[in-house]
Amino acid sequence: MRTPEDALFGAVKSDRSCGDCTACCVFTRIDTPELTKPAGIACAHCTGSGCAIYDSRPPVCRTFECGYKRIPGMPVEARPDKSGVLLTAERESPAATVFENIYYMVATDRDPVLMDSVEANNILAFLCGGPLPVYVYWNGFKTLVHPAGSLAEAIVEAAPGPAEQWLRAYAPYARAIWGPRANLPPGF
């Protein structure tokens with residue numbers, strides 16, 4: 001089955017390694033017969049520089065590769081343990097809104113308002129310039145950051161309430177762009 005990461009990022013780059021990074025051991029949700037852990041909590045098998053059960057880790061851990069290992073041109077400073085952010089592609093099934101079928105997730109252990117690394121800000125700016133929704137995951141909550149605020153509201157609402165005039169005019173166009181993303185076939 002093709003994963004969202006495969007579709008959006010492509011194959012893992014051979015020149016990228018995890019090194020001592022264990023961000024995926026914290027931010028990924030694991031719900032398998034072998035292991036269960038919520039997102040945002042360090043796995044019990046994480047040693048701080050690797051996995052204590054690496055050779056027998058669950059399939060979800062074996063196949064997970066973050067955006068850093070897949071996106072060409074990302075500098076070494078963008079590695080999650082250096083930048084403070086873990087980039088993944090996610091999907092909800094069923095999607096609660098048009099923004100949850102396929103989206104970028106930027107998980108961080110830092111308050112998003114205080115994310116101070118240049119790399120973290122560059123990653124967010126790059127993603128927010130693209131066509132897919134972007135969420136930031138922090139402290140157990142995910143927050144939509146692209147599209148933001150009243151634009152997101154205008155896209156979701158058929159008749160935006162107190163939205164600015166340009167949003168009322170833009171909303172049908174935006175819904176035509178974002179709407180189909182809520183109906184992607186399973187297994188995309």
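Residues numbered from 1 in each chain as written. Predicted model: local features only at pLDDT ≥ 70, side-chain atom pairs only at ≥ 80, totals over all residues. Heavy atoms only, no water.

**Q** I tried to follow the overall build of the protein chain on my own but got confused; where do I start?
**A** When its secondary structure is counted, the protein chain shows seven helices and six strands. Listing each helix as α and each strand as β along the protein chain from the N terminus yields α-α-β-β-α-α-β-β-α-β-β-α-α. Evaluated residue by residue, the protein chain yields a buried proportion of 39% over its 188 residues. Taking the contacts inside the protein chain whose residues are at least 6 apart along the sequence as the reference set, 55% of them involve residues at least 24 apart. Of the roughly 10,400 Å² that the protein chain leaves accessible, carbon and sulfur atoms contribute 57%. (Helix = DSSP H or I, 4+ residues; strand = E, 2+ residues; numbered from the N terminus. Buried < 20%, exposed > 50% of the residue type's maximum accessible area, 1.4 Å probe, protein only. Contact = heavy atoms within 4.5 Å. Areas by Shrake-Rupley, 256 points an atom, 1.4 Å probe, with all protein chains shown as cover.)

**Q** I tried to follow the nonpolar core on my own but got confused; where do I start?
**A** For soluble globular proteins, nonpolar side chains are generally found buried alongside one another. In terms of nonpolar packing, the biggest core is built from 33 residues, with Met74, Leu86, Leu87, Tyr104, Val106, Ile123 and Leu127 touching the most fellow members. When contributions to this core are tallied by element, the ones reaching two or more residues are α2 (23–27), β3 (85–90), β4 (103–108), α5 (118–128), β5 (134–138) and α6 (149–156). Sorting elements by how many residues they give to this core places β4 first, with five residues. Apart from residues no more than four positions distant in its own chain, Leu86 is found in contact with Ala23, Cys24, Phe27, Phe64, Cys66, Pro80, Met105, Val106 and Ala107. (Core = buried A, V, L, I, M, F, W, Y, C linked by side-chain atoms within 4.5 Å.)

**Q** Whenever I open this one, the pattern of salt bridges confuses me. Can you help?
**A** Close approach of charged atoms lets side chains of opposite charge pair. One pass over the structure, following the stated rule, counts six salt bridges. Lys142 is paired through a salt bridge with Glu92; the nearest N and O atoms lie 3.3 Å apart. Of this pair, Lys142 sits in strand β6 (residues 141–146) while Glu92 sits in the loop between β3 and β4, placing them 50 residues apart in sequence. The exposure class assigned to Glu92 is partly exposed, which follows from its relative accessible area of 29%. Each of the salt bridges in this network shares a partner with another, and the network as a whole consists of Glu92, Glu100 and Lys142. (Salt bridge = Lys/Arg side-chain N within 4 Å of Asp/Glu carboxyl O.)

**Q** How should I be thinking about the confidence of the model for the protein chain in this particular structure?
**A** As a note on interpretation, predicted positions should not be read in detail where pLDDT is low. Overall, the predicted model of the protein chain reaches an average pLDDT of 79, with 79% of residues at or above 70. Summarising per-element confidence for the protein chain, the mean pLDDT is lowest in helix α7 (residues 165–178) (66) and highest in strand β2 (residues 36–37) (90). (pLDDT = per-residue confidence, 0-100.)

**Q** Is there a simple way to explain the side chain of Ser83 in this structure?
**A** Mapped onto the secondary structure, Ser83 falls in helix α4 (residues 80–83). A polar atom in the side chain of Ser83 sits 3.2 Å from the backbone oxygen of Ala78. (Polar contact = N/O pair within 3.5 Å; in protein donor to acceptor, adjacent residues only side chain to side chain.)

**Q** I tried to follow the sheet that holds β5 on my own but got confused; where do I start?
**A** Sheets are built from strands that pair by backbone hydrogen bonding, the pairs being arranged parallel or antiparallel. With respect to topology, four strands assemble into an open sheet ordered β3-β4-β5-β6, the strand pairing being mixed. The open sheet is flanked by β3 and β6, the only strands paired with a single partner. Recorded for the sheet is a direction-independent mean angle of 25° between the axes of neighbouring strands. (Pairing = 2+ DSSP bridges. Axes fitted to C-alpha atoms, helices over the stretch in contact; angles between N-to-C directions.)

**Q** Sorry, what's going on with the side chain of Lys69 here?
**A** One can find Lys69 in the loop between α3 (59–63) and α4. Polar side-chain contacts of Lys69 include one of 2.8 Å to the side chain of Glu65. Ignoring any residue separated from it by four or fewer positions in sequence, one finds Lys69 in contact with Ala11, Val12, Lys13, Arg16, Ser17 and Cys18.

**Q** For this particular structure, what's the right way to read the packing of aromatic side chains?
**A** Aromatic rings considered in pairs are described by the distance between their centres and by the relative angle of their planes. Inspection of the entire model under this criterion finds one aromatic pair. Directly above the aromatic system of Tyr54 lies the positively charged group of Arg57, at a separation of 3.8 Å from the ring centroid. The cationic tip of Lys142 hangs over the ring face of Tyr135; the distance from NZ or CZ to the ring centre is 4.7 Å. (Phe/Tyr/Trp six-rings, centres within 6.5 Å; stacked < 30°, edge-to-face > 60°. Lys NZ or Arg CZ within 6 Å of the ring centre and 35° of its normal.)

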